[in-house]
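# Residue-level structural notes
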Amino acid sequence: MNPLGVRTMIAMAFPGAGIPPSTRDAGAAEIKVICTPALAPAYRELIPEFERATGHKVVIDYGTAGAIRERIQGGEAADLAISTEPVIDDLQEQGWIVPASRIEVARVGLGVQVRKAALKPDIRSADAFRNALVAAASIGYIDPASGGAAGVHVAAVIERLGIAAAMTPKTRLVGGSALLEAVASGEVEIGIAPISEIVSHPGVELAGPLPAELQDVTPLTASLVRNGGQLEAAGALLRFLTAPAAIDVIRAKGMEPGTRREQ
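First, a word on scope: everything that follows refers to the structure included in this document. Since this is a predicted model, take the numbers as computed values, not measurements. (Residues numbered from 1 in each chain as written. Predicted model: local features only at pLDDT ≥ 70, side-chain atom pairs only at ≥ 80, totals over all residues. Heavy atoms only, no water.)

### Looking at the environment of G176
With respect to the helices and strands, G176 occurs in helix 9 (residues 176-185). Overall, G176 belongs to the partly exposed group, its relative accessible area being 26%. A sequence separation of 139 residues divides G176 from P37, and the C-alpha atoms of the two residues are 7.0 Å apart. (Helix = DSSP H or I, 4+ residues; strand = E, 2+ residues; numbered from the N terminus. Buried < 20%, exposed > 50% of the residue type's maximum accessible area, 1.4 Å probe, protein only.)

What follows is the structure in structure tokens.
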């Protein structure tokens, strides 16, 4: 979405966006968000616009699903948590979140990335994907032990394809920007990651999504955290991130919008 479109959306959702900054800042809040990295490409575009329009400051920290669970359970103060559905389920059961605030913000699938302008492997079927991995000099994905949902799924897929032993010596367990840079530099031939991360990096190209029979589309769910100190402002941010025009940004970054509000 272009900046004018985002600003128009904010002006409609937040009448205070037309108030001079010096006036808005009097009630400005610092909102702390703990979020899955899959949403980073979209939120790098959306959140600065929210900050400019409202005067609030958003401090966003990205981490794996497992890390987000542990941080919230450990009592770390946060206003908004955005993670996989099972993590939010666990946190709700333990009383850490505000159930009525739950909302599915996006859905993201996994894709294969290669260095920009490199030959793209055939991954149109499970057999083709298997052959591409076996033929590759190296592959990379996030370490399952880190709690990253993508890594857990990819490891399970490789086991299912019967090539785990062959892949181990040439697998680099790294995710996020480190994986993108490794693929862009040629250090890793094939990387597997959320599509949203792949399409936003200029040094890599999306070879395609995982074959349908191997794909894992992950719902990403947001909720206010009970121990947050800025829940009203965080609620405004959550409404902004799920407003109709924000969906354009979500789609442009390789994701689909959430399909339902949860209670």
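This is not the end of the story, as more comes after the structure.
### Structural notes on the pairing of strand 1 (residues 30-35)
Of the strand pairs in this sheet, strand 1 and strand 2 (residues 57-62) are connected by six bridges, and their pairing is parallel. Directly across from I31, in strand 2, lies its bridge partner V58. With three bridges joining them, strand 1 and strand 3 (residues 80-84) adopt parallel strand pairing. Counted as the bridge partner of C35 is I82 from strand 3. (Pairing = 2+ DSSP bridges.)

### Focus on the nonpolar core
Core analysis: the largest hydrophobic core is formed by 31 residues, its most contacted members being L39, Y43, I82, V105 and L237. At the level of elements, strand 1, helix 3 (40-54), strand 3, strand 4 (103-108), strand 10 (218-224), helix 11 (231-241) and helix 12 (244-252) are the ones that each hand at least two residues to this core. Top element by residues in this core is helix 11. It accounts for six residues. In contact with L237, other than residues within four places in its own chain, are I31, V33, F50, V58 and L80. Core analysis: the second largest hydrophobic core is formed by 23 residues, F129, I139, A150 and I192 among them. (Core = buried A, V, L, I, M, F, W, Y, C linked by side-chain atoms within 4.5 Å. Contact = heavy atoms within 4.5 Å.)

### Structural notes on unusual backbone geometry
The backbone phi angle of A117 is positive, close to 75°, even though this residue is not glycine. Of note, A117 is situated in the loop between strand 5 (110-115) and helix 6 (126-135). For A117, a relative accessible area of 71% puts it in the exposed group.

### Comments concerning the packing of helix 4 (residues 65-73) against helix 5 (residues 85-93)
In the contact formed by helix 4 and helix 5, the axes pass within 9 Å of each other and the chain directions differ by 15°. Taken together, the axes of helix 4 and helix 5 lie roughly parallel to each other. Pair helix 4 / helix 5 crosses with right-handed handedness. Each of A65, I68, R69, I72 and Q73 in helix 4 lies in contact with helix 5, whose residues at this interface are P86, V87, D90 and L91. (Axes fitted to C-alpha atoms, helices over the stretch in contact; angles between N-to-C directions. Parallel < 35°, antiparallel > 145°, perpendicular 65-115°, else oblique. Left-handed = near helix turned anticlockwise from the far one by under 90°.)

### What to know about the pattern of salt bridges
The full count for this structure, using the stated rule, is 13 salt bridges. The residue E49 makes a salt bridge to R52 at a minimum N-O spacing of 2.8 Å. Of this pair, E49 and R52 both sit in helix 3, separated by three residues, roughly a single helical turn. Residue classification places E49 among the buried residues on the basis of a relative accessible area of 7%. Among the residues examined, R52 registers a relative accessible area of 48% and is labelled partly exposed. A single salt-bridge network, built from bridges that share partners, covers K32, D61, R71 and E76. (Salt bridge = Lys/Arg side-chain N within 4 Å of Asp/Glu carboxyl O.)

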